[in-house]
Amino acid sequence: MSNSVRVRFAPSPTGFLHVGGARTALYNYLFAKKHGGSYILRVEDTDEERSTEESMKMQIQDMTWLGLHWDEGVDPSTFGDKGDNGPYRQSQRRDTYKQYVDRLLESGKAFYCFMTEEQIDQKREQLKAAGLPLQLKSDYRDMSLEEAKAKLAEGEAAVVRFRIPDQNKEYTFNDLVRGEVTANSDAVGDFAIVRASGMPVYNFVCAVDDALMKITHVLRGEDHLNNTVKQIMILEALEMNLPEFGHLSTILGPDKSKLSKRHGATSCDQYRHMGVLPEALLNFIALLGWSHPEGEEVFSLKNLEENFSSDRLNASPAVFDETKLKWVNAMHLRKLSGEQLWAEIQPHLDQAGLSFDKSSEWKAKALELFKPYMELLSDSVNLFAPLDDSKFAIAEEATEALTWESSPVVLQTWLEILRSHGGETLSEEDFSEAQNKIKKDATVKGKFLFMPIRVGIIGKPHGAELKILVPLMEKSSLIERAEKALEKAKSLQS
RNA sequence: GUUCCCUUCGUCUAGAGGCCUAGGACAUCGCCCUUUCACGGCGAAGACACGGGUUCGACUCCCGUAGGGAACGCCA
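None of the values given here were measured: they were computed from a predicted structure.

A word on the protein's contact with RNA strand B
Inspection of the region around RNA strand B gives 56 residues, with Thr-46, Arg-124, Arg-178, Arg-195 and Gly-289 positioned closest. Protein-adjacent atoms of RNA strand B, using a 4 Å cutoff, are sugar or phosphate at a proportion of 73%. Asn-227 places a polar side-chain atom, nitrogen or oxygen, 3.1 Å from a base nitrogen of RNA strand B. Lys-256 places a side-chain nitrogen or oxygen 2.8 Å from a phosphate oxygen of RNA strand B. Within the residue set of the surface near RNA strand B, elements represented by two or more residues are strand S6 (159-162), helix H7 (227-237), strand S13 (318-319), helix H11 (322-335) and helix H18 (447-458). In terms of residue count, the dominant contributor to the surface near RNA strand B is H11 (four residues). Along the lines of polarity and charge, the residues of the surface near RNA strand B split into 20 nonpolar, 17 polar and 19 charged.

The following block contains the structure:
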């Protein structure tokens, strides 16, 4: 029944949340929403060396930032358990795993293996030399449990391995994104399910937990495709229910190799700091391997929840194109109200040391003006910098305009108009009038009129429309700037 | 080495045998708007990896080849 759908995202806490992980999380989340099911967050921290509490918290924070909230799993605020199928951190489920390991051991479907690393390496070399698949068949696969336990009692170290069937067996399953996938049992060796330390290994815990947590659909990265057979074997050996599987394509870098750090930013955290909105990131990654039924390119999470379906998932790998991400971000930026946008850019302005003690009307107006120029929230820094008096400077590329013969006159006239102006600020009309007056008095037009004024206002030859920019500025500030530009212009004349 | 997966414009993709003269989006280029830049509007250029089948007909189905990716761990 559709309302019993249960999916999970199961990251291992060994670093930041990668955009690929975020996409897997997103698709699982959407799949649950679409079917009115549950979305579970399980933490796969069985690697005691690499897993850290810190990573888990960062990843949880990133997922929360993205707005991908889960129904069950590690609680995002207390980091305890939320839901009835916990604990949700595999490191806390060792007792549970032990029962299932024992079952396999007792039924002879798993065994203790005492091979040393050297012995295993040697065996692999032999297989390689013979041109055979690198699938290990342990020397201990037929040792009785009693005998093995005796060896254990003597203090010998052993891992537990799953016993691969002797005769080749074919496994096929219907992959949600790839259709029928077939694999043979001889494509895998006697794989380890418990380390010598007693901590079980991924393929085992993953399979067992999916069954125990009643997961119905497993949507995960393509890199797990080959693991699926192992997990099916475990589940069958334990007579547990099999979930359905769906293997998502890999996300590639611009050079078409798997997206990695050398390609630049790969973590959600990095994109957040660059000034990408969570919904924009979600929007963009959703399109990496999935397409909207209506062909829409810009949409909200809500829209995604309503329109997602796994049959529009694409099996081929996709290149992560930052240029398009920025465009998507720009589109989302523009949908925000002035108040919302200001809240988003505030941290970026703070970081750049810009501060504006202005009314919310002023902020909204300024933002309305700057929106079309923004792709990333961090672009606000360059946009707003001209409005911060403490940051005013005549830019290098502005000097040419100041060397024109007519420029000092233009600036002088502009200054006089400002000084004789009554109010504290200039309206758009005031500025238009001013421009016309300068045009007449200084007898200049075109860029000779326009450019020096611009430089006298923002210190740069390019930028937003002055008629909207000027009303955002204090007259006193305009005067000060014009004076600086005039001074510079005069010095350049000689 | 072995196995598995993938292959439509530069990039993301639409396409479930005739609707395809292969559609859209980003990027690129041109024009318009604009006394700057951007936004916006209009337009251009740009792809079915290759070879065999199957079929009246193939981007769509099958088989090979090539290319790319992944897996073969006491990592997940």
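That was the structure; now back to the text.
Structural notes on the packing of helix H16 (residues 407-420) against helix H20 (residues 475-493)
Taken N-terminus to C-terminus, the directions of H16 and H20 make an angle of 160 degrees; their axes are 9 Å apart at the nearest point. By the angle between their directions, the pair H16 and H20 is classed as roughly antiparallel. Here H16 and H20 pass one another in a crossing that is left-handed. Every residue of H20 that contacts H16 at Pro-408, Leu-411, Gln-412, Trp-414, Leu-415, Leu-418 and Arg-419 is listed here: Lys-475, Leu-478, Ile-479, Ala-482, Glu-483, Ala-485, Leu-486, Ala-489, Lys-490 and Gln-493. Residue classes in the contact of H16 with H20 are distributed as 11 nonpolar, two polar and four charged.

What to know about the pattern of salt bridges
By the definition in use, this model includes 27 salt bridges. Measuring nitrogen to oxygen at the nearest pair gives 2.7 Å for the salt bridge that ties Glu-53 to Arg-89. Here Glu-53, found in helix H2 (residues 53-66), pairs with Arg-89, found in the loop between strand S4 (81-82) and helix H3 (94-106); they are 36 residues apart in sequence, far enough to count as distant. Taking relative accessible area as the criterion, Glu-53 reaches 38% and is therefore assigned partly exposed. One salt bridge in this structure joins Lys-123 and Asp-139, with 2.4 Å as the shortest N-O distance.

Examining the packing of aromatic side chains
Tallying each qualifying case throughout the model produces 17 aromatic pairs. Both rings, one in Trp-342 and one in Phe-356, keep their centres 6.5 Å apart while their planes meet at 80 degrees; by these two values the pair is edge-to-face. With Trp-342 in helix H12 (residues 338-351) and Phe-356 in the loop between H12 and helix H13 (360-370), the pair connects residues that are 14 residues apart, well separated along the chain. Take Phe-356: its relative accessible area is 11%, and that puts it in the buried class. In this arrangement the basic side chain of Lys-151 is found over the ring face of Phe-114, its NZ or CZ atom lying 5.2 Å from the centre. Just above the ring of Trp-362 sits the side chain of Lys-358; from NZ or CZ to the centre is 4.9 Å.

Section: the domain arrangement of chain A
In terms of domains, chain A is made up of domain 1 (6-90 + 251-319), domain 2 (93-248), domain 3 (336-380) and domain 4 (392-493). Computed from C-alpha coordinates alone, the two centres of domain 2 and domain 3 are separated by 55 Å.

So, the pairing of S6
Pairing of strand S5 (residues 110-113) with S6, which is carried by four bridges, proceeds in the antiparallel orientation. Counterpart to Ala-110 in the pairing with S6 is Phe-162. Pairing of S6 with strand S9 (residues 192-194), which is carried by two bridges, proceeds in the antiparallel orientation. What sits directly across from Val-160, in S9, is Val-194.

Details of unusual backbone geometry
Cis geometry marks the peptide bond from Gly-86 to Pro-87; its omega dihedral reads -5 degrees. Positionally, Pro-87 belongs in the loop between S4 and H3. The phi torsion at Lys-256 lies on the positive side, around 70 degrees, for a residue other than glycine. Its place among the elements puts Lys-256 in the loop between strand S12 (251-252) and helix H8 (268-274). Assessed through its relative accessible area of 62%, Lys-256 is described here as exposed. In this structure, Thr-443 is a non-glycine residue whose phi angle is positive, near 45 degrees. Within the secondary structure, Thr-443 is located in the loop between helix H17 (428-441) and H18.

A short note on the pairing of strand S1 (residues 6-9)
Across the two faces of S1 the burial is the same, with Arg-6 and Arg-8 and Val-7 and Phe-9 all buried. Sheet topology places S1 next to strand S2 (residues 38-41); four bridges connect them, and they run parallel. Across the sheet, Phe-9 pairs through a bridge with Leu-41, a residue of S2.

Focus: the environment of Pro-372
Along the chain, Pro-372 falls in the loop between H13 and helix H14 (379-384). By relative accessible area, Pro-372 is classed as exposed at 52%. Distance in space between the C-alpha atoms of Pro-372 and Ala-330 is 7.9 Å, their sequence separation being 42 residues.

Considering helix H5 (residues 145-153)
Burial in H5 covers these residues: Leu-145, Ala-148 and Lys-151. Across the axial projection of H5, the buried residues extend over an arc of 120 degrees, all falling on one side. Turned more than 90 degrees off the buried face of H5, the exposed positions are Glu-146 and Ala-153. At its buried positions, H5 is contacted by H3 and S5. One or two steps after H5, the chain reaches Gly-155, where phi turns positive at roughly 95 degrees.

Rules of the game
- Residues numbered from 1 in each chain as written.
- Chains lettered and ligands numbered in written order.
- Predicted model: local features only at pLDDT ≥ 70, side-chain atom pairs only at ≥ 80, totals over all residues.
- Heavy atoms only, no water.
- Near = heavy atom within 4 Å.
- Polar contact = N/O pair within 3.5 Å; in protein donor to acceptor, adjacent residues only side chain to side chain.
- Helix = DSSP H or I, 4+ residues; strand = E, 2+ residues; numbered from the N terminus.
- Nonpolar A, V, L, I, M, F, W, Y, C, P; charged D, E, K, R; others polar.
- Axes fitted to C-alpha atoms, helices over the stretch in contact; angles between N-to-C directions.
- Parallel < 35°, antiparallel > 145°, perpendicular 65-115°, else oblique.
- Left-handed = near helix turned anticlockwise from the far one by under 90°.
- Contact = heavy atoms within 4.5 Å.
- Salt bridge = Lys/Arg side-chain N within 4 Å of Asp/Glu carboxyl O.
- Buried < 20%, exposed > 50% of the residue type's maximum accessible area, 1.4 Å probe, protein only.
- Phe/Tyr/Trp six-rings, centres within 6.5 Å; stacked < 30°, edge-to-face > 60°.
- Lys NZ or Arg CZ within 6 Å of the ring centre and 35° of its normal.
- Domains from an automatic or database assignment.
- Pairing = 2+ DSSP bridges.
- Arc of directions from axis to C-beta.

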